[in-house]
Amino acid sequence: MLQKKICMVGAFATGKTSLVARYVQGIYSDKYQTTVGVKIDKKNISVSGQDLNLILWDIHGEDEFQKIRMSYLRGSAAYILVVDGTRRDTLGTVFQLQSKVEDTIGKVPFITMFNKYDLSQDWEIGEEDLEELTQRQWLYCMGSARTGLGVEECFIKLAQMML
Amino acid sequence: MLNLPEPIVTFLCSIVVRDRFPAYLQISKAGVLLAFGGACDRYGLDHLHLHQSVDDQIFFLTGLLPLQEPAMHMPFLQIAEGVIAEIHMFAEPEDDWIILCDATLENAKHVLIQQKVNDLSLLRREQAKSLGHSMHPDVAAKTILDIQPTGEQKSLAILVAKCCSTAELDAQTTQANPLRKLDAYLSTVSPLILDEGGIIHQNIGNSIVAVFGALPSTRIAPKQAIAASIRILEACEDQQHSQCALVVTTGIVTVGLLQVGFGKTLTVIGEPMDLAVNLNKNSEAETLIIDKPTFDQLDQMQRSFMPTSLSGRSASAAPLYSYCKL
Ligand SMILES: Nc1nc2c(ncn2[C@@H]2O[C@H](COP(=O)(O)OP(=O)(O)O)[C@@H](O)[C@H]2O)c(=O)[nH]1
Ligand SMILES: [Mg+2]
């Protein structure tokens, strides 16, 4: 079966682990447990009549003490840039990370996920931010690991881009 | 090997084998499993079939083989429930080798510390948010800031960070728009200031003014301000097209809340503030200039600073120091 490695990339506590847990196991927890290193999960899907085995690499977030090891990204067929919509600076983080990732593994499909869409009252992402993404020709989606909104769609969209 | 006596080598090896549960895989360049051994089942690698492709057997290797570089190291990889492996891979002319060791305990230690760091960082952000928005400034001053709303004398460190790349106005693309640049700059700089225990006082033109020492901390204000400054310099270096000029001063100022327009804002008055704003006017990209009171409190960090004189300043003016990356 066709097997593809996909990495979750973004600042810490944006919801990378939660998105994978929601997508693969269908579960969610409000308790924050930080990731150190990588957790690997599998998910079989079928897109456009093609069976795919997604190998999901949930990589620790970037912060003051843990810089993301680019070697973790080697061999990725695609990646998801995760932004916490209630922390606008995490968008700046993915802008920086994306160019580092591209330097390491070259041009492969990616999608930006604005997570925590359930917290609309704290939303810090504005129209002009989305416009900037459009200008960069970045594909993005909104969603919530908490409610499950948009999560599956995001992974499917990315899978379609890989085929 | 390192010229160690045989018993020592044997003993060290026995410790590694005993505590780390090593396992290995040998894989041909075509992706066929040639050999395996050690504690493979610990890492969920049971039922391995020799002389068959690894693709369907060992899923964490997807995309990685054959190795593109001579060696690769991944310190923490959770490939089976409850077990975290440290993985070394290296390439030989004919085959690739993979070594797995148990790093579960080591990982747990890291998680403990990292969790605290991240929790604190999130908490700070929350604090800063409530300071800025919802909370009444009077309440904020009493409960979060370590100051009297009616005004008091306090020793603070003042950091002024100027964004130097906003000059050219090009309305054609929003990316070159100075406002967008300043915005990107502020969102890079602000969390660094908050992380080091500072609060953002105001922004004037293309500069941001932060004060350290108003929030309770175990570190002295000038050290916090310098730590923030160095991280800002590094962050700007990482980001193409963004340059910054930084100034830090320290000294006694009067702080309090002042009615400005419709709301009360934190107000800081005094010589260190005037000096910082003055120095900021002429400061140049990729520099960090500090005054003597700041310098005097830096202990070992003093080694990273050199006396400097700025053009346009009279000889009688107080000495200044500039940051030199070691
Ligand atoms: N409200 C809300 N919280 C979320 C969402 N996704 C994650 N979180 C919370 O954000 C925190 C960080 O999530 P985590 O998945 O560990 O982030 P990671 O560091 O990127 O892996 C946790 O407390 C989660 O419960 C979401 O969609 N909505
Ligand atoms: Mg995580």
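The notes below deal with the structure included here. Computed from a predicted model, the values in this text were never measured in an experiment.

## Describing the packing of helix 1 (residues 16-24) of chain A against helix 4 (residues 151-162) of chain A
Residue and element names in this part refer to chain A.
- For the pair helix 1 and helix 4, the least separation of the axes is 9 Å and the interaxial angle reads 90 degrees. Judged by the inter-axis angle, helix 1 sits roughly perpendicular to helix 4. Facing Leu-19, Arg-22 and Tyr-23 of helix 1, the residues of helix 4 in contact are Val-151, Glu-152 and Phe-155.
- Taken together, the residues that form the contact of helix 1 with helix 4 break down as four nonpolar, no polar and two charged.

## Side note on the packing of helix 4 (residues 178-195) of chain B against helix 5 (residues 221-238) of chain B
All names here are of chain B.
- At a minimum axis distance of 9 Å, the contact between helix 4 and helix 5 shows a crossing angle of 150 degrees. Taken together, the axes of helix 4 and helix 5 are roughly antiparallel relative to one another. Here the hand of the crossing between helix 4 and helix 5 comes out right-handed. Contact residues: helix 4 offers Tyr-185, Thr-188, Val-189, Leu-192, Ile-193 and Asp-195, while helix 5 offers Ala-228, Arg-231, Ile-232, Ala-235 and Cys-236.
- Looking at side-chain class alone, the contact of helix 4 with helix 5 contains eight nonpolar, one polar and two charged residues.

## What about the site of ligand 1?
Residue and element names in this part refer to chain A.
- Taken together, 20 residues lie around ligand 1, and Ala-13, Lys-16, Thr-17, Ser-18 and Asp-118 are the ones closest in.
- Within the contact set of ligand 1, an oxygen atom lies 2.8 Å away from a backbone nitrogen or oxygen of Ala-13.
- Between ligand 1 and Gly-15, the relevant distance is 2.9 Å, taken from an oxygen atom to a main-chain nitrogen or oxygen of the residue.
- Against a free-state accessible area of 580 Å², the protein chains account for coverage of 92% of ligand 1.
- If you tally residues by element for the shell around ligand 1, the top one is helix 1, at three residues.
- Among the residues forming the shell around ligand 1, the class breakdown is six nonpolar, eight polar and six charged.

Criteria and cut-off values
- Numbering of residues starts from 1 in each chain and follows the order in which that chain's sequence is written.
- Lettering of chains starts at A and numbering of ligands starts at 1, both following the order in which they are written.
- Per-residue local features of the predicted model are confined to residues with pLDDT of at least 70, and side-chain atom pairs are confined, for both listing and counting, to 80 or more; whole-chain, interface and lining totals are unaffected and use all residues.
- Side-chain calculation: all heavy atoms of the structure are included, whereas hydrogens and water are not.
- Convention adopted: a line fitted to C-alpha atoms gives each axis, helices being fitted over their contacting stretch, and angles between N-to-C directions are expressed from 0 to 180 degrees.
- Helix numbering and strand numbering both begin at the N terminus, where a helix is a DSSP run of H or I of at least 4 residues and a strand a DSSP run of E of at least 2.
- Roughly parallel here means an angle under 35 degrees, roughly antiparallel means over 145, roughly perpendicular means 65 to 115, and every remaining angle is called oblique.
- By definition in these notes, contact holds between two residues if any of their heavy atoms fall within 4.5 Å.
- Gly is put with the polar residues, along with every residue not named as nonpolar or charged; the nonpolar set is Ala, Val, Leu, Ile, Met, Phe, Trp, Tyr, Cys and Pro, and the charged set is Asp, Glu, Lys and Arg.
- Crossings are assigned a handedness: left-handed for a near helix turned anticlockwise from the far helix by less than a right angle, right-handed for a clockwise turn.
- For this purpose, a residue is taken to be near a molecule or strand whenever a single non-hydrogen atom of the residue falls within 4 Å of it.
- Contacts described as polar in this section are N or O atom pairs within 3.5 Å, which, within protein, must combine one atom able to donate a hydrogen with one able to accept it, while residues neighboring in sequence count only if both atoms come from side chains.
- Accessibility throughout is a Shrake-Rupley quantity obtained with a 1.4 Å probe, and a residue counts as covered only by protein chains that appear here.

The analysis is restricted to geometry; functional conclusions fall outside its scope.
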